[in-house]
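The primary structure of each chain is shown beneath.
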Amino acid sequence: MRKSAERLLASLRPISHSFVELIPAIICAFLGGLLFFQLDLPAPWISGSMLGAMMSALIRPMPEMHPRLRDVAFLMTGTSMGAGVTPETVALLGKVPLSFLVLAISIVAIIYFSSLWLTKVHGWTREDAMLAAAPGALSTALAIAAARGGDVLGVAVVQTTRLFILVALLPGLIAWIEGGQGSSLLALTQMSWGTLVLMLVGGAICGYALNKLKITAAAMLGAALFGAFLHGGGYVSGYTPMPIAIGGFVLVGVMIATRTRGLSWKAVFDYAAASAASFIIGGIVAGLCALAASWLINISIGATLLAFAPGGVEAMTLLAMSLAYDPLYVVAHHIARFMSIGLCIPIWFRLTDKELRKS
């Protein structure tokens, strides 16, 4: 019994050490969310936390977040996402394939036009331009760039800047288009703590299973799917208690900020023009495709904008939940995009490498 307790403490020690090292970033993330909340901005605890943590990372480089601490953050936020699903979501599923088709068109168009601009105007190589243009695939793009000896810093700056701008501007843009700011989590009925425990345990089990299948953000997706099953089926109701929801948002904001490790203000300024061009091109293409999807399947433009936005899966799906849109619709599109990019880009590089060897 004593040895088991000692092993448990030993396994928890690296997680607690990671948490302590990240306390300055966590405080900045919380203060950013609190500031946005006090200013009555859309999605305050999502966008404010992420921006606060990102600014902290540019001022003071932070260590990597321990994988288990990251999974805790994903589990908490995934539980909140699953609670946002309603029985009405089921009726939407029959229209999703058409939306996926429009998404595929947007991915190809974003990569083509953005990479074309980066190569012709900024002199990037075709490979680096494609990796920088790939929407919402930061980890995949950086891994490929590093493996091929590409411009890792340039790819990282363009990808991170795009996410930073989206988190900052998209909630306000959606609120302006929709004529409101979405529903506040504080105004919604809170689930019981017993229901919360059930969702956390079930979500952890589902996340573990998805992790075995090598699914990205497995803990978040598993918790979201388990919660979607319970809430979508009408078995439980209510939103995650605010301390848990806010804690998850803050930790995910810090986790996203850790991806900016190695960046500096000098790098941001050096690649500012390329970053701005890539963001504008991607934003225009994604916006037009979101409008088309909204019209074709008769769904809110705010939901399609979040689903088609060229940002990270965590950030966009959490924004959807905070703005009271269907998070399952949004996360499905971002997971589909992430998996398709992660599969297609390596295949494309392999084929082009073969052609170069033949020539």
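Above: the structure in question.
Anyway, here's the lowdown on the structure attached to this text. Keep in mind that what you see is a predicted model, and the values were worked out from it rather than measured.

Topic: the pattern of salt bridges
A side chain with one charge can pair with a side chain of the opposite charge if their charged atoms come near.
Okay, step 1: In total, this model carries 2 salt bridges according to the counting rule given.
Okay, step 2: A salt bridge links Asp71 to Arg70; the nearest nitrogen and oxygen atoms lie 3.8 Å apart.
Okay, step 3: Judged by relative accessible area, which is 31%, Arg70 ranks as partly exposed.

Considerations on the packing of helix α6 (residues 96–120) against helix α7 (residues 126–133)
The description of two packed helices rests on the angle between their axes and on the distance between the axes.
Okay, step 1: Packing of α6 against α7 leaves a shortest axis separation of 8 Å and a crossing angle of 135 degrees. By the criterion of interaxial angle, the relationship of α6 to α7 is oblique. Along this stretch, α6 crosses α7, giving a crossing that reads as right-handed. Where α6 approaches α7, its residues Ile110, Ile111, Ser114, Ser115, Leu118 and Thr119 are matched on the opposing element by Arg126, Ala129, Met130, Ala132 and Ala133.

Here we look at a nonpolar patch on the surface
Okay, step 1: On the surface, a nonpolar cluster with roughly 510 Å² of combined accessible area is contributed by Phe19, Val20, Ile23, Ile27, Phe30 and Leu31.
Okay, step 2: Looking at the nonpolar patch, the elements that each hand over two or more residues are α1 (2–21) and α2 (23–38).
Okay, step 3: In terms of residues, the nonpolar patch owes the most to one element, α2, which gives 4 residues.
Okay, step 4: Residue placement: Ile27 occurs in helix α2.

Quick word on the packing of aromatic side chains
Okay, step 1: The full count for this structure, using the stated rule, is 3 aromatic pairs.
Okay, step 2: An angle of 80 degrees between the planes, with centres 5.1 Å apart, marks the rings of Tyr112 and Phe113 as edge-to-face.
Okay, step 3: With a relative accessible area of 43%, Phe113 lands in the partly exposed category.
Okay, step 4: The interplanar angle of 80 degrees and the centroid separation of 6.0 Å between the aromatic rings of Trp124 and Tyr271 together place this pair among those described as edge-to-face. Taken together, the residues Trp124 in the loop between α6 and α7 and Tyr271 in the loop between α13 (265–270) and α14 (272–297) connect sequence positions 147 residues apart. Across this residue pair, the class does not change: Trp124 and Tyr271 are buried.

What counts, and at which threshold
- Residues numbered from 1 in each chain as written.
- Predicted model: local features only at pLDDT ≥ 70, side-chain atom pairs only at ≥ 80, totals over all residues.
- Heavy atoms only, no water.
- Salt bridge = Lys/Arg side-chain N within 4 Å of Asp/Glu carboxyl O.
- Buried < 20%, exposed > 50% of the residue type's maximum accessible area, 1.4 Å probe, protein only.
- Axes fitted to C-alpha atoms, helices over the stretch in contact; angles between N-to-C directions.
- Helix = DSSP H or I, 4+ residues; strand = E, 2+ residues; numbered from the N terminus.
- Parallel < 35°, antiparallel > 145°, perpendicular 65-115°, else oblique.
- Left-handed = near helix turned anticlockwise from the far one by under 90°.
- Contact = heavy atoms within 4.5 Å.
- Patch = residues over 30% accessible without salt bridge, like charges linked within 9 Å, V, L, I, M, F, W, Y side chains within 5 Å.
- Areas by Shrake-Rupley, 256 points an atom, 1.4 Å probe, with all protein chains shown as cover.
- Phe/Tyr/Trp six-rings, centres within 6.5 Å; stacked < 30°, edge-to-face > 60°.

By themselves, these observations are geometric and do not establish any function.
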